[in-house]
Amino acid sequence: MESSTGDSSGAYAPSYSNRDPGMNVPVHSKQNLAPLSPYLNFDPVYLPQSQPEFIFPEGASRQRGRFELAFSQIGVSCMAGAAIGGIGGLYNGLRSTTLAGDYEQSEALNLFPLNRLLNYVMKQGSATANTLGVLAVMYSGFGVLLSWGRGSDDELNTLTAATATGLLYKSTAGVRKCGIGGAVGLGLASLYCLWTARDRLQGFRQEYSPA
Amino acid sequence: MSKLIGPFARRKFLSCSKIRVFEALCTDTVVTFDVVKENTLKSLSYCRFYSSEKKKTSGLTKVKSTEMTKFSHTKTEFFGVHHHFAGCSLKWTRSGNLLTSYQDIPVPLKETAKTASYLGVILAGVGVTAVIFYQVFRELFSSKSPNSVYTTSLKKCCKDPRVIDSLGEPIKGFGEETRRGRRRHVSHLFYERDGINFLRMKYYIQGSRKRGTVHLEMRENDKGDFDYRYLFVQLDDYPRNTIIIEDNRYDNQMSFDKPFDML
Amino acid sequence: MEEYAREPCPWRIVDDCGGAFTMGAIGGAIFQSIKGFRNAPSGMNRRFLGSLSAIKQRAPIIAGNFAIWGGMFSTIDCTLVHFRRKEDPWNSIISGAATGGILAARNGLPAMAGSAVIGGVLLAIIEGVGILFTRLSAEQFKPPNPTLEDPSQLGPPPGFHTQQPNY
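Residues numbered from 1 in each chain as written. Chains lettered and ligands numbered in written order. Predicted model: local features only at pLDDT ≥ 70, side-chain atom pairs only at ≥ 80, totals over all residues. Heavy atoms only, no water.

The name an unreviewed UniProt entry assigns to chain C is Mitochondrial import inner membrane translocase subunit Tim17-B-like protein, from the organism Coptotermes formosanus. The Function (unreviewed entry) comment attached to chain C in UniProt states, word for word, "Essential component of the TIM23 complex, a complex that mediates the translocation of transit peptide-containing proteins across the mitochondrial inner membrane." Its UniProt record gives chain C a comment under Subcellular location (unreviewed entry), which states: "Mitochondrion inner membrane". (UniProt positions renumbered as here; feature names shortened; annotations may be inferred.)

In the annotation of an unreviewed UniProt entry, chain A is listed under the name Mitochondrial import inner membrane translocase subunit Tim23 and assigned to Coptotermes formosanus. Turning to chain A, the UniProt annotation filed under Subcellular location (unreviewed entry) states: "Membrane".

The helix and strand tally for chain C stands at five helices and zero strands. Listing the helices and strands of chain C from first to last along the sequence gives α-α-α-α-α. Each of the 167 residues in chain C was classed as buried or not, and the buried ones make up 43%. Restricting to contacts in chain C with at least 6 residues of sequence separation, those with at least 24 account for 53%. Carbon together with sulfur atoms contributes 67% to the accessible area of chain C, which is approximately 9,400 Å² in total. (Helix = DSSP H or I, 4+ residues; strand = E, 2+ residues; numbered from the N terminus. Buried < 20%, exposed > 50% of the residue type's maximum accessible area, 1.4 Å probe, protein only. Contact = heavy atoms within 4.5 Å. Areas by Shrake-Rupley, 256 points an atom, 1.4 Å probe, with all protein chains shown as cover.)

Another aspect to go through is the UniProt feature "transmembrane region" (unreviewed entry) in chain A. Residue and element names in this part refer to chain A. Annotation from UniProt places "transmembrane region" (unreviewed entry) at residues 69–91 and 127–148. For residues 69–91, helix accounts for 100% and strand for 0%, while the C-alpha atoms at its two ends are 33 Å apart. In residues 127–148, the share of helix is 100% and the share of strand is 0%. The end C-alpha atoms are 31 Å apart.

Attention shifts here to the packing of aromatic side chains. To describe a pair of aromatic rings, you give the distance between the ring centres and the angle between the ring planes. Overall, the coordinates contain eight aromatic pairs over all chains when judged by the stated rule. Ring geometry for Tyr230 of chain B versus Phe232 of chain B: centroids 5.8 Å apart, planes at 35°, classification tilted. Take Tyr230 of chain B and Phe232 of chain B: they sit in the same class, and that class is buried. Between the aromatic rings of Trp69 of chain C and Phe73 of chain C, the centroid separation amounts to 6.3 Å while the plane-to-plane angle is 20°, which identifies the pairing as stacked. One end of the pair is Trp69 of chain C and the other is Phe73 of chain C, both in helix 3 (residues 44–84) and four residues apart, which spans about a single turn. Aromatic ring contacts, followed pair by pair, group Phe137 and Phe141 of chain B together with Trp90 of chain C into a single cluster. The ring centre of Phe226 of chain B lies 5.2 Å from the NZ or CZ of Lys144 of chain B, which sits over that ring. Between the NZ or CZ atom of Arg183 of chain B and the centre of the ring of Phe174 of chain B, over which it lies, the distance is 3.7 Å. (Phe/Tyr/Trp six-rings, centres within 6.5 Å; stacked < 30°, edge-to-face > 60°. Lys NZ or Arg CZ within 6 Å of the ring centre and 35° of its normal.)

Moving on, we come to the nonpolar core. Counting residues in hydrophobic clusters, the biggest one holds 22 residues, and the most contacted among them are Val163, Met201, Tyr203, Ile205, Val214, Leu216 and Val233 of chain B. Elements supplying a minimum of two residues to this core: helix 4 (146–159), helix 5 (161–167), strand 12 (196–206), strand 13 (211–220), strand 14 (226–235) and strand 15 (242–247) of chain B. Sort the elements by how many residues they give to this core and strand 14 of chain B lands first, with five residues. Other than its neighbours up to four places away in sequence, Tyr203 of chain B contacts Tyr150, Ser153, Leu154, Cys157, Phe174, Val186, Gly212, Thr213, Val214 and Leu216 of chain B. Counting residues in each nonpolar core, the second largest holds eleven residues, with Ile74, Ala136 and Val137 of chain A together with Cys17 of chain C among its members. (Core = buried A, V, L, I, M, F, W, Y, C linked by side-chain atoms within 4.5 Å.)

Residue and element names in this part refer to chain C. The feature "transmembrane region" (unreviewed entry), as annotated in UniProt, sits at residues 59–83 and 111–133 in this numbering. As annotated, residues 59–83 comprises 100% helix and 0% strand, and the C-alpha atoms at either end are separated by 36 Å. What you have in residues 111–133 is 100% helix and 0% strand, and the ends, taken at the C-alpha atoms, are 33 Å apart.

On the side of chain B, 49 residues touch chain C, which itself brings 39 residues to the contact. Buried surface at the junction of chain C and chain B, both sides included, amounts to about 4,100 Å², of which 58% is carbon and sulfur. Where chain C packs against chain B, one counts five salt bridges. Of the charged contacts, one joins Glu87 of chain C and Arg183 of chain B as a salt bridge, the two residues approaching to 3.1 Å between their closest N and O atoms. The interface formed by chain C and chain B holds eleven residue pairs in polar contact (both at pLDDT 80 or more) in total. For the side of chain C that touches chain B, the element with the highest residue contribution is helix 5 (residues 109–140) of chain C, accounting for ten residues. (Buried area = accessible area lost by both parts, 1.4 Å probe. Salt bridge = Lys/Arg side-chain N within 4 Å of Asp/Glu carboxyl O. Polar contact = N/O pair within 3.5 Å; in protein donor to acceptor, adjacent residues only side chain to side chain.)

Moving on, we come to the pattern of salt bridges. Counted according to the given criterion, the structure contains 15 salt bridges over all chains. Note that Arg182 of chain B is salt-bridged to Asp16 of chain C, the shortest N-O span being 2.7 Å. Residue Arg182 of chain B is found in the loop between strand 10 (172–174) and strand 11 (187–193), and its partner Asp16 of chain C is found in helix 2 (residues 9–39); the two belong to separate chains. The same class applies to Arg182 of chain B as to Asp16 of chain C, namely buried. What you see here is one network of salt bridges that share partners, running through Arg184 of chain B together with Arg12, Asp77 and Glu127 of chain C.

Turning next to the confidence of the model for chain C. All names here are of chain C. For chain C, per-residue confidence averages 83 on the pLDDT scale, and 83% of positions sit at 70 or higher. When the elements of chain C are averaged for pLDDT, helix 1 (residues 2–5) gives the smallest value, 45, and helix 4 (residues 89–103) the largest, 93. With pTM at 0.67, the complex prediction returns an ipTM value of 0.78. (pLDDT = per-residue confidence, 0-100.)

As a further point, take the packing of helix 3 of chain C against helix 4 of chain C. All names here are of chain C. As a packed pair, helix 3 and helix 4 sit with axes 8 Å apart at the nearest point and diverge in direction by 130°. The angle between helix 3 and helix 4 falls in the class oblique. Between helix 3 and helix 4 the crossing geometry is right-handed. Contacts between helix 3 and helix 4 involve Ile68, Trp69, Met72, Phe73, Ile76, Asp77, Leu80, Val81 and Arg84 on the former and, on the latter, Trp90, Asn91, Ser92, Ile94, Ser95, Gly96, Ala98, Thr99, Gly100, Ile102 and Leu103. Counted by class, the contact of helix 3 with helix 4 contains twelve nonpolar, six polar and two charged residues. (Axes fitted to C-alpha atoms, helices over the stretch in contact; angles between N-to-C directions. Parallel < 35°, antiparallel > 145°, perpendicular 65-115°, else oblique. Left-handed = near helix turned anticlockwise from the far one by under 90°. Nonpolar A, V, L, I, M, F, W, Y, C, P; charged D, E, K, R; others polar.)

Rendered as structure tokens:
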């Protein structure tokens, strides 16, 4: 954990010195049985050595920040996109190869059905993966920037980042579509926030409603 | 050292009537001459450079086109501008002649500086690459590199029956974990004491049941090879047992006047 | 403590895939913006539009290719870690070469060999940079006269059983 929380420049720093607690445990035990203190009448070898233990602030369910999480998020959305697109491509490919008209066309192109199917899967899979990946990159980028800028990481960041992602993704398609994109982002983010905060909302409801 | 080769070029290679052949320059071995084909309609000038090899007996023999340059300047813009080709400085004069001079006009300082800087960048790149490859090869193939010490000691640990018993097979080894999930870097420390080189190393092993930490120290012997000073495995679970695989600290060959921790 | 004990390996693939995608997306966007800017017809407005459309068209594809590279590399790396039971620079060099070879498999054997060599050399260079950094930082932080004690786990020397440490 020590190395995993350290920054990348420290990754190659020699973490090996005589101050390393793993190297020099100041006990003399086992062999000559000289305890540390006369009051400590058991072998101190059985004491757990110091290992980093972490106490997280209450309510911090997420142990890692947005930046550490970003790459995993992007990777997951990429792979999910590839899987979804691949399945969709398989479906489309199967449907089109079974259609008679297309079959003649495929013969004319000298493509046998498997190759054709593979092309369908690859094409749609990569397209969906790219789309979802780009969305995830945008969302993570905004999220990281916001959490750096505001110094806190909360639901507002999620909402803003999602809305900005929607706006940016559709920014070249005209004002109307841009707005729709932003609204979709906001809607999805609100749903997500409601889902994660449902316990707290439950608490509010019980507090404020007389029933 | 200049020679008029106009008629020759016109007769032999160039049929276009609009071509004007200018005075060219010849050195002992290479003749460079230039042909300007003017396209008056588009006010473009094409300049084709020819180079030829001159044989001592028969004069010019082979002429081949080496470069075709298209200048989009109008001709008036073209005057008085120096163009460089193969170390030859060209200058159009008002009268439409091309002055060529070879090493008469020194190559401007800017040009040499540019060439020198390119050369410097290339040399620096080659040098850095060479250093990196040297490091990689030393790490991978030298018997005294941390990587090979890690490899051999890991094999030794995995063969030890006590280690197998307590950790459970299969045993795998890895170094410090970075944030990106790489565990390739094995922490080590080279140090020198009394003129003798030492290498201390720490890495982790994991079997099917438990994890352990391997500590080892190598000492350079008289032949310049590394010998184990000690090598032990400390288990990471509760009683933190140590399995000492090698402990040569107080061997006859390796003994010192005083052992280290009593210094 | 759960994260401390967690094996990095299968999860690393997702992480690397995402990292490579990000790298490709950002790098591709920068590269394509310059390329689109230069190739567009003259006029500032048209140039910016050209660079924008180039980014929209090409950057996701570059990012996707990067992601495939990263994911494949990490998968092979993890497979090697599993089978060799060891993590060292060879893993990444071999998996770099294998990734290069596999991804060029559709272009014939010579292209495969070429890509494999390029991949291996590239990863060797990356490893070399890492080793170089380690070495340089070790030189930098090297204590002038290290007073390293022997680890206490080994116990005291055999001749000194009777001697108590005087503290």
